[in-house]
Amino acid sequence: MAVKALVDPGPHYREGAAELLLGDGFFRRDSRLARDCSVLLAWHQASTTTCKYPLQWLDLMAGCGIRGLRWGLEAAGAQSMPPEIVVNDADGDRWPLLEHNLKPLAGATCSSIPAETLLCQAQLEGRRFDLIDLDAFGHPGALIQPALQVLAPDGILVLASTDGRSPTGHDRPGAIRSFGAAARAHPASWELALRQQLGLLARQAWLLGRGLQPLMSFSDGRTFRLAVRLKRLLQPDEEATLGLLARCGTCGAQQSQPLLRLRNWSVCHCPPEQGRWAISGPLWLGPLQQVDLLEELMASPVPVASATRRLLQRLQADPGGLGHVWATAELARRCGSGPPPLQQLVDALCTQGYQAWPSGVMAGQVRTDADLPELLQICSNLRGEGPLIGP
Ligand SMILES: C[S@@+](CC[C@H](N)C(=O)[O-])C[C@H]1O[C@@H](n2cnc3c(N)ncnc32)[C@H](O)[C@@H]1O
Ligand SMILES: [Zn+2]
């Protein structure tokens, strides 16, 4: 391959333990949270795995190579045997930059080939990766199956998608094409987008006879980010995590059902014939986060940004095991009052025997198993007013 010289190196950029050149290609400083999480997961894998061979880590769409470099500097030391790191970006103009930036890592390999080709080659060579970071533009759908095929059992996939329109119900034909699922607008739209993506990942993993365990799921509304573990086998009843989520567009009631035990929907709280269920799915109904892992990440020595620490705290406080989430603004509108203070609402729900958490995915939302009338009653009690149940 013809190697271009690094013409204008530009200023150095520092993040974590890395100091590198950004070049003139795509780079977002505010994706630091996602990079921190990727490094934390690499560190966790390195510090908890006992193996006879070096761990294999693949930064598939590396940009300037910052993730691979940070893995090497901040996470690799947790293993006695240094992991082998492959850093790839299809843009050939990035090659000199990658080579330059990755110099501090003795064991790193840089490549400049399309992700599809790299994954295909790995499959042909029987190569397996323990960690793959797939930081794509748009929807990474077509790369999911080839990536899972070269992910080792119990390996970790870190995945990004910038397709927010189709999984949030704003491009319904797009959701059918990309997810094989119905997607309807919902106040907890970021969460539904993450659940659509997880539903797709689960089906792709199950096709291989593997199980899926979400480790962390979050979004800023622009990029939808997941980290999952590909389990060697499915957990008992894992298929019940795939299902449908319904919301009445009139009264706001929510229901969900696993596909495995699908029945008729029960009536909502509208007057007869006025309810309209908008149904999304199949999507993931199981937990969004692995809470004990997040606790371990919070104790890690990896130098992460304070915003990342806050993100971890938020996610760790909300396992995301229930898909019923309400915006307090919607509850306020239905109660005809100001929004109830979120933590007070959560505390009141728990006192009444319901499960409740502030959503870790979207601010100002409550996750609870309380049904809508009880939820509105508790909101109204907090505001000292009577509830307004109905359309
Ligand atoms: C979102 S950027 C990566 C940013 C980087 N991970 C970071 O944290 O700064 C996506 C990168 O993927 C590369 N890319 C796009 N399509 C690709 C493909 N099919 N195979 C490999 N790389 C690709 C682009 O050149 C771009 O640098
Ligand atoms: Zn209704």
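Procedures and definitions
- In this convention, every chain numbers its residues from 1, walking through the sequence in written order.
- Chains and ligands are labelled sequentially in the order written, the chains with letters from A and the ligands with numbers from 1.
- The predicted origin of the model limits local features to residues at a pLDDT of at least 70 and limits the giving and counting of side-chain atom pairs to 80 or more, whereas totals for whole chains, interfaces and linings rest on all residues.
- Remark: hydrogens and water are excluded; side-chain values derive from all non-hydrogen atoms of the structure.
- Put simply, DSSP marks the helices as runs of H or I at least four residues long and the strands as runs of E at least two long, and each gets a number from the N terminus on.
- Just to be clear, the radius of gyration here is over C-alpha atoms, and the globule rule we use is 2.2 Å times residues to the power 0.38.
- Exposed residues in this analysis have more than 50% of their type's maximum accessible area, buried residues have under 20%, and partly exposed residues fall in between, with area computed by a 1.4 Å probe over protein chains only.
- Contact criterion: two residues are considered in contact whenever any of their non-hydrogen atoms come within 4.5 Å of each other.
- Only the protein chains shown count as cover for residues, and the accessible areas themselves come from Shrake-Rupley with a 1.4 Å probe.
- The positive count covers Lys and Arg only, the negative count covers Asp and Glu only, and His and the chain ends enter neither.
- Where a charge lies is defined by one atom per residue type: Lys uses NZ, Arg uses CZ, Asp uses CG and Glu uses CD.
- Here, axes are lines fitted to C-alpha atoms. For helices the fit covers the stretch in contact, and angles between N-to-C directions go from 0 to 180 degrees.
- Note on terminology: angles under 35 degrees are roughly parallel, angles over 145 are roughly antiparallel, angles of 65 to 115 are roughly perpendicular, and the others are oblique.
- Handedness of a crossing follows from how the near helix is turned relative to the far one, being left-handed for an anticlockwise turn of less than a right angle and right-handed for a clockwise one.
- Residues were grouped as follows: Ala, Val, Leu, Ile, Met, Phe, Trp, Tyr, Cys and Pro as nonpolar; Asp, Glu, Lys and Arg as charged; and all remaining residues, including Gly, as polar.
- Keep in mind that water is not among the atoms, so a site may look incomplete; donors are the N, O and S atoms within 2.8 Å of the metal, or 3.2 Å for Na, K and Ca.
- Pairs of strands are assigned from DSSP output, requiring at least two bridges between the strands.
- Pairs of N or O atoms within 3.5 Å make up the polar contacts considered here, provided that, within protein, one atom can donate a hydrogen while the other can accept it, and that residues adjacent in sequence are counted only when both atoms are side-chain atoms.
- What counts as a domain boundary in this text is fixed by an automatic or database domain assignment.
- The term buried area means the drop in 1.4 Å probe accessible area that two parts suffer when joined, counted for both and summed.
- Any two rings among Phe, Tyr and Trp, with Trp reduced to its six-membered ring, count as a pair given centres within 6.5 Å; such a pair is stacked if its planes are under 30 degrees apart, edge-to-face if over 60, and tilted if neither.
- Put simply, buried Ala, Val, Leu, Ile, Met, Phe, Trp, Tyr and Cys residues joined by side-chain atoms within 4.5 Å make one nonpolar core.
- We call a residue near a molecule or strand as soon as one heavy atom of that residue lies within 4 Å of the molecule or strand.

**Here's the deal with the overall build of the protein**
Thought 1: Within the protein, the regular secondary structure consists of twelve helices and 15 strands.
Thought 2: In terms of overall dimensions, the protein is globule-like: its C-alpha atoms have a radius of gyration of 22 Å, near the 21 Å expected for 391 residues.
Thought 3: Projected onto its principal axes, the C-alpha positions of the protein cover 70 × 40 × 40 Å.
Thought 4: Taking all 391 residues of the protein together, 53% fall into the buried category.
Thought 5: In the protein, once contacts between residues fewer than 6 apart in sequence are set aside, the share between residues at least 24 apart is 67%.
Thought 6: On the protein, roughly 16700 Å² of surface is accessible, and the fraction owed to carbon and sulfur atoms is 53%.
Thought 7: Counting 36 positive and 37 negative side-chain charges, the protein places the averaged centre of each group 2 Å from the other.

**Focus: the packing of helix α8 (residues 291–298) against helix α9 (residues 306–316)**
Thought 1: Contact geometry of α8 with α9 gives a least axis separation of 9 Å together with a crossing angle of 155 degrees. Regarding the angle of α8 to α9, the classification is roughly antiparallel. Like other packed secondary-structure pairs, α8 and α9 cross with a definite hand, here left-handed. Of α9, the residues touching α8 (which contributes V291, L294, E295, L297 and M298) are R309, L312, Q313, L315 and Q316.
Thought 2: Here the residues of the contact of α8 with α9 sort into six nonpolar, two polar and two charged.

**Some thoughts on the coordination of the zinc ion (ligand 2)**
Thought 1: Taken together, C248 (SG), C251 (SG), C268 (SG) and C270 (SG) make up the full set of protein donors to the zinc ion (ligand 2), lying 2.2 to 2.4 Å away.
Thought 2: Spacing between the donor residues of the zinc ion (ligand 2) along their common chain follows C-x2-C-x16-C-x1-C. Judged on exposure class, the residue C248 and its partner C251 are both buried.

**A short note on the sheet that holds strand β15 (residues 365–368)**
Thought 1: One open sheet accounts for three strands, arranged β13-β15-β14; its pairing is antiparallel. Here the strands that pair on one side only, and so sit at the sheet edges, are β13 (325–327) and β14 (356–358). With strand direction ignored, the average angle separating the axes of adjacent strands in the sheet is 25 degrees.
Thought 2: Strand direction decides the pairing type here: β13 and β15, joined by three bridges, are antiparallel. Bridged to W326 within β15 is V366.
Thought 3: Sheet strands in contact with helix α10 (residues 328–335) are β13 and β15, and its direction is about 65 degrees off that of β13.

**Some points on helix α5 (residues 141–149)**
Thought 1: When α5 is considered as a whole, its buried residues turn out to be L143, I144, Q145, A147 and L148.
Thought 2: Lining the buried residues of α5 we find α4 (115–125), β6 (129–135), β7 (151–161), α7 (189–207) and β9 (224–231).

**A short note on the side chain of S112**
Thought 1: Summarising the element assignment, S112 is placed in the loop between β5 (108–111) and α4.
Thought 2: Side-chain polar atoms of S112 contact the backbone oxygen of D89, separated by 3.2 Å.

**Things to note about the domain arrangement of the protein**
Thought 1: For the protein, the assigned domains read domain 1 (12–237) and domain 2 (324–391).
Thought 2: The C-alpha-based centres of domain 1 and domain 2 are spaced at 36 Å.
Thought 3: Contacts between domain 1 and domain 2 engage ten residues on the former and eight residues on the latter.
Thought 4: Interface area, domain 1 with domain 2, both sides summed: about 640 Å², of which 59% is carbon and sulfur.
Thought 5: It is P187, W190 and E191 in domain 1 that bury the most area against domain 2; as a group they hold 63% of the surface buried on that side.

**A few points about the packing of aromatic side chains**
Thought 1: Throughout the structure, instances matching the rule amount to four aromatic pairs.
Thought 2: A centroid spacing of 5.0 Å and a plane angle of 70 degrees characterise the contact between Y13 and F27, whose relative ring orientation is edge-to-face. Of the two residues, Y13 is situated in strand β1 (residues 12–15) and F27 in the loop between β2 (18–21) and α1 (32–48); the sequence distance between them amounts to 14 residues.
Thought 3: Considering the side-chain rings of F26 and F137, the 4.9 Å spacing of their centres and the 80 degrees angle between planes classify their relative orientation as edge-to-face. Of the two residues, F26 is situated in the loop between β2 and α1 and F137 in the loop between β6 and α5; the sequence distance between them amounts to 111 residues.
Thought 4: Classification of F137 as exposed rests on a relative accessible area of 59%.

**Side note on the environment of L124**
Thought 1: By the secondary structure assignment, L124 is in helix α4.
Thought 2: The spatial distance from the C-alpha of L124 to the C-alpha of Q313 is 41 Å, given a sequence separation of 189 residues.

**Here's the deal with the nonpolar core**
Thought 1: Counting 43 residues, the largest nonpolar core has L41, W57, W71, L102, L131, M216 and L297 as its most contacted members.
Thought 2: Among the nonpolar cores identified, the runner-up in size contains 39 residues, and L119, L198, F224 and M362 belong to it.

**Comments concerning the site of ligand 1**
Thought 1: Close contacts around ligand 1 come from 19 residues, with R67, D89, A90, A115 and D135 the closest.
Thought 2: Residue E116 places a side-chain N or O atom 3.4 Å away from a nitrogen atom belonging to ligand 1.
Thought 3: Surface burial for ligand 1 is 86%, taken as the share of its 610 Å² of free accessible area covered by protein chains.
Thought 4: Only α2 (66–75) and α4 provide two or more residues apiece to the shell around ligand 1.
Thought 5: Taken together, the residues of the shell around ligand 1 break down into eleven nonpolar, two polar and six charged.

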